[in-house]
Structures are given as structure tokens and as C-alpha cells.
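# Coordinate inspection notes
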Amino acid sequence: QAQLVESGGGLVQPGGSLRLSCATSGNIFRIYAMGWYRQAPEKQRELVAAISRGGSTMYADSVKGRFTIFRDSGKNTVYLQMNSLEPEDTAVYYCNAGTYSSDNFRRGDYWGQGTQVTVSS
């Protein structure tokens, strides 16, 4: 049974926006911090953004000011709002349940299946 389920990916033009969702079980949402990673073809998976259980956030430099991560405790869901998208943002995006300390996110063992984001005209 999937513990993390991503959705919201798609094809968008440069400058456009998308909102990704990651639905979790209540236990995972209560226990873990959450992070969004992405992996482009031929590249390593990289951390994009993370949020602690208390709501502290951190972002990769490449997305600061464009992406926002937030969580909805009523829905056990974490979101990634992506604005001003660029072709370089094209990747498969994954959510992860991990730990957050001193503005650092350490990924855990729970991964979603990924959702494709393609930014192209």
C-alpha cells in the first residue's frame, strides 16, 4: 500500500505555474518532516524544498522565490506551489518523509511514485 501519493504534474509553458500534492497517511504526516525532490534525465535526484512538522521551510537556491512548500494537517497533504517555471525545472518530482533539523532535511525511506513536470513551449 502506497504511503505517499503525488499528483499535480503536467505540461506547462515557461512562466507558468503548477501545484503538486503529496497525500500521506496520518501517522506519516504527524511523525515526519516532508521534502520534495526532483530528478531530471541523466542527473542525480536533488532536494528542492522541505518543511518541518512545525512549519519551518528550506529551499534549494535554484527555486527560492519561485516555489513554496506548505502542509495541510486537515488533509495530511504537503504541497509544492511552483511559479515562474523554467525549462530547467523539468523533472520527475518525488515527495519524501524524513527529518528536519537546523535547516537541513535528511531523507527517509518513504518515497512516492513521482509525478512528471515538463516545462516547454
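Residues numbered from 1 in each chain as written. Predicted model: local features only at pLDDT ≥ 70, side-chain atom pairs only at ≥ 80, totals over all residues. Heavy atoms only, no water.

### Observations concerning the overall build of the chain
Within the chain, the regular secondary structure consists of one helix and 11 strands. If you list the helices and strands of the chain from N to C, you get β-β-β-α-β-β-β-β-β-β-β-β. Rg of the C-alpha trace for the chain: 13 Å, near the compact-globule value of 14 Å for 121 residues, within the 12% margin. With respect to the principal axes defined by its C-alpha atoms, the chain has extents near 40 × 30 × 30 Å. Evaluated residue by residue, the chain yields a buried proportion of 45% over its 121 residues. Looking at the chain alone, contacts between residues at least 24 apart form 56% of all its contacts between residues at least 6 apart. Carbon and sulfur atoms make up 42% of the accessible area of the chain, which totals about 6500 Å². Placing the 12 positive and 10 negative side-chain charges of the chain at their respective mean positions leaves the two points 7 Å apart. (Helix = DSSP H or I, 4+ residues; strand = E, 2+ residues; numbered from the N terminus. Rg over C-alpha atoms; globule rule 2.2 N^0.38 Å. Buried < 20%, exposed > 50% of the residue type's maximum accessible area, 1.4 Å probe, protein only. Contact = heavy atoms within 4.5 Å. Areas by Shrake-Rupley, 256 points an atom, 1.4 Å probe, with all protein chains shown as cover. Lys, Arg positive; Asp, Glu negative; His and termini not counted. Charge placed at Lys NZ, Arg CZ, Asp CG, Glu CD.)

### Some points on the sheet that holds strand 3 (residues 18-24)
In any sheet, the strands associate via hydrogen bonds between backbone groups, in a parallel or an antiparallel arrangement. Taken together, the four strands give an open sheet; going across it, the order is 1-3-8-7, and neighbouring strands pair in antiparallel fashion. If you trace the sheet from one side to the other, it starts and ends with strand 1 (4-7) and strand 7 (67-72), each paired once. When strand polarity is set aside, the average angle formed by the axes of neighbouring strands in this sheet is 15 degrees. Where strand 1 lies against strand 3, four bridges are found, and the strand directions are antiparallel. Bridging across to strand 3, valine 5 finds its partner in alanine 23. (Pairing = 2+ DSSP bridges. Axes fitted to C-alpha atoms, helices over the stretch in contact; angles between N-to-C directions.)

### Brief notes about the environment of glycine 55
With respect to the secondary-structure elements, glycine 55 resides in the loop between strand 5 (46-51) and strand 6 (57-59). Put simply, glycine 55 and threonine 118 are 63 residues apart on the chain and 28 Å apart in space, counted from C-alpha to C-alpha.

### Points about the packing of aromatic side chains
Applying the stated criterion across every chain yields a total of five aromatic pairs. With a centroid separation of 6.3 Å and an interplanar angle of 90 degrees, the aromatic rings of tyrosine 94 and tryptophan 111 are classed as edge-to-face. Of this pair, tyrosine 94 sits in strand 9 (residues 91-101) while tryptophan 111 sits in strand 10 (residues 104-111), placing them 17 residues apart in sequence. Put simply, the rings of Tyr37, Tyr94, Phe105 and Trp111 touch in pairs and so form one group of aromatic residues. The ring of tyrosine 94 has arginine 45 sitting right over it, with the charged end atom 3.8 Å from the ring centre. (Phe/Tyr/Trp six-rings, centres within 6.5 Å; stacked < 30°, edge-to-face > 60°. Lys NZ or Arg CZ within 6 Å of the ring centre and 35° of its normal.)

### Some remarks on the pairing of strand 3
Most of strand 3 sits out of view: five of its seven residues are buried. Pairing geometry for strand 3 and strand 8 (residues 77-82), over six bridges, is antiparallel. Residue pairing for strand 8: alanine 23 is matched across the bridge by threonine 77.

### A few points about the state of the cysteines
Here the structure, examined in full by the defined rule, presents one disulfide. Note that cysteine 22 is cross-linked by a disulfide to cysteine 95, the S-S spacing being 2.0 Å. Here the disulfide of cysteine 22 and cysteine 95 is right-handed, its torsion about the S-S bond being about 55 degrees. Separated by 73 residues along the polypeptide, cysteine 22 in strand 3 and cysteine 95 in strand 9 bring together distant segments of the chain. (Disulfide = S-S within 2.5 Å.)

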